[in-house]
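What follows is the residue order along each chain.
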Amino acid sequence: MKRFIRPTLWALAAALSFAPLAQAQGTEEKPPAPRFQGEANVNEVLMDVLVTDAKGNVIVGLDKSDFVVRENGKPVDLTGVTFYSNRRFLQSADALKKKGIDIDKVPESRYFVLFFDDQKNANSDSPGLLGQQLEAGRRTREWIAKDLLPNDYVAVVSYDYKLKVHQDFTRDREALTQAVSDAIQGKDRETNWPSRIKQTDGPSLLAALPQGTALRDKTGTIYDGVRELANASRNITGRKNLILFTTGFGRIDNFGQYLPDPRYYPPMMQALNASNVAVYTIDLVPAGTHHTLSSAMNQLSEETGGQYLFNFTNFLTPLNRVEQENNGYYLLSYQATHPGEKVGFQKVEVKTANPEFKVRVRQGYKYGTPESAKSR
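Notes on the structure follow. Nothing here was measured: the structure is a model prediction, and the numbers come from that model. (Residues numbered from 1 in each chain as written. Predicted model: local features only at pLDDT ≥ 70, side-chain atom pairs only at ≥ 80, totals over all residues. Heavy atoms only, no water.)

## Some thoughts on the sheet that holds strand E17 (residues 364-367)
Selection rule: One bridge is not enough; two strands pair if DSSP finds at least two bridges between them. Counting from the N terminus, the helices are DSSP H or I runs at least four residues long and the strands are E runs at least two residues long.
One open sheet holds the 4 strands; their spatial order is E4-E3-E15-E17, and the pairing between them is antiparallel. At either margin of the open sheet sits one strand with a lone partner, and together these are strand E4 (74-75) and E17. Bridge count for strand E3 (residues 67-71) against strand E15 (residues 344-352) is 5 bridges, and the pairing is antiparallel. Paired with Glu71 across the bridge in E15 is Val348.

## Section: helix H2 (residues 129-147)
Applicable threshold: For a helix, the expected span equals 1.5 Å multiplied by the number of residues minus one. The buried label applies to any residue whose accessible area, calculated with a 1.4 Å probe on protein chains only, is under 20% of its type's maximum; exposed applies above 50%, and partly exposed to all values in between. Here a residue-residue contact requires only that any non-hydrogen atoms of the pair lie within 4.5 Å.
Spanning 19 residues, H2 covers 26 Å between terminal C-alpha atoms, matching the ideal 27 Å at 1.5 Å per step. Those residues of H2 lying buried are Leu129, Gln132, Gln133, Ala136, Gly137, Arg139, Thr140, Trp143, Ile144 and Asp147. Considering only its buried residues, H2 is in contact with strand E6 (110-117), helix H3 (173-185), strand E9 (240-246) and helix H8 (316-325).

## Brief notes about the pairing of E9
Of all the 7 residues making up E9, 7 are buried; the element is thus mostly covered by neighbouring parts of the structure. As judged from the 6 bridges shared by E6 and E9, these two strands associate in the parallel manner. By the bridge assignment for E9, Phe112 is matched with Asn241. Of the strand pairs in this sheet, E9 and strand E12 (residues 277-283) are connected by 7 bridges, and their pairing is parallel. Bridge pairing links Ile243 to Tyr280 in E12.

## Quick word on the sheet that holds E6
Applied cut-off: Each axis is a line fitted through C-alpha atoms, and for a helix only the stretch in contact is used; angles between axes span 0 to 180 degrees, taken between their N-to-C directions.
Here 6 strands make up an open sheet; going across it, the order is E8-E7-E6-E9-E12-E13 and the pairing mixed. Edge positions in the open sheet fall to strand E8 (163-170) and strand E13 (307-309), since each of these has one partner strand only. Taken over all neighbouring pairs, the strand axes of this sheet differ in orientation by 15° on average, direction set aside.

As C-alpha cells, then:
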C-alpha cells in the first residue's frame, strides 16, 4: 500500500507543570511536581487509490464521503481527495461538472519507469529467457509508439550487476525507443555522471540518484537498485508506476518456498511505499510455466498497490493493462500521529462506500526515521 509520506514534524510538547504550593505558615516549601514531556510526529499521509468497476473502468466523481480509511481498525478523517487523470476516458465537461469535477483542475501527467532485469546471465536451464527479454523490448517499443499519451513521462532503466539509467523521464518517443533497445542489449552509456545529466524542466531521476561510480557502489543488488529508484522519485508528486520485466528474485528455503530476504526486502519495500511507487511485475517466464519466484513477484506488487502480470502470449497485453488502469486514480490525504521516538510500519485499510467498486491500494506506510529513534 502506498504512501508517499511528507513528514511534517510537529513538536507536540505537552508540558504539565505544577507551581509550588503556597507556603503555609510554619511549614517547608514543597518541591515542584515533576514535569511530563512527550513528543509525537504528525505526518501527512498521501495514499494513491485505484477505483474501478468489475470491468476495469475507472470510477470518477468520488469524494471524501465515498472512502472509508482505517488505521488499527479505527476510521481516520480525510483532509483531501484529488482525482488524477489523463482525461482519455473522461466524459464531457458538463457531465463531469455535475459530479463536482472541473476538468481544468484535473492533474494529467502519468509517470512510468520501464525496468528490465537483464537476463543475459540467466540460468542455463532457461535458455529461452533472453529471447523473452528481446520480445518484451520489441513490444515495449511498439507500446511507446502507439499507446503513450502526450502528457506521459517515461524513464528506462535496467539491472545486471548495477542499476543503469538509459533514459531519464521524458516525453520524447524516439529517445525512449532507443533507450529500450539499449536496455535489452545491456548497453551502458553511463548517463549518471554530472557532466552528462541534462538539465530539464520536467521530473528527473538522474538528478536525485547517486552519481558517477557511487551508483554502482550503492546498487550491488537489484533490491538496492529498486530502492534507489524509489528514493530518487520521492519528490515527484503523484503515483509512479514501476513496470518491472523480471523472472523474480529472492531467497528459496530448503523446502523450495520463496522467502523475502530480511536484509534487503524491508528497506526496498519501505522506500517504494514512502515514495508512492506502485510495482507492476511482468513475468518473463513463458506462459504456462510454474516457477517458485512467481510468489516473490506477486508479493512485491501486492504490497505496493501494483499487479503481478503473467500467463500472456503478447507483452502488449500486460502493458496495455497497466496503461488502462492508470487512466485515473485518487490521491487521499490525512494526518496521522505516531510517537516521536518510534520507527515502524502502519497498516492501512481502504474501502469505498460502494462495495461493488474494486479498490487497489498499498498495505501501509513507514513512519519515523532511524535518526529520530537514535536521538532518544
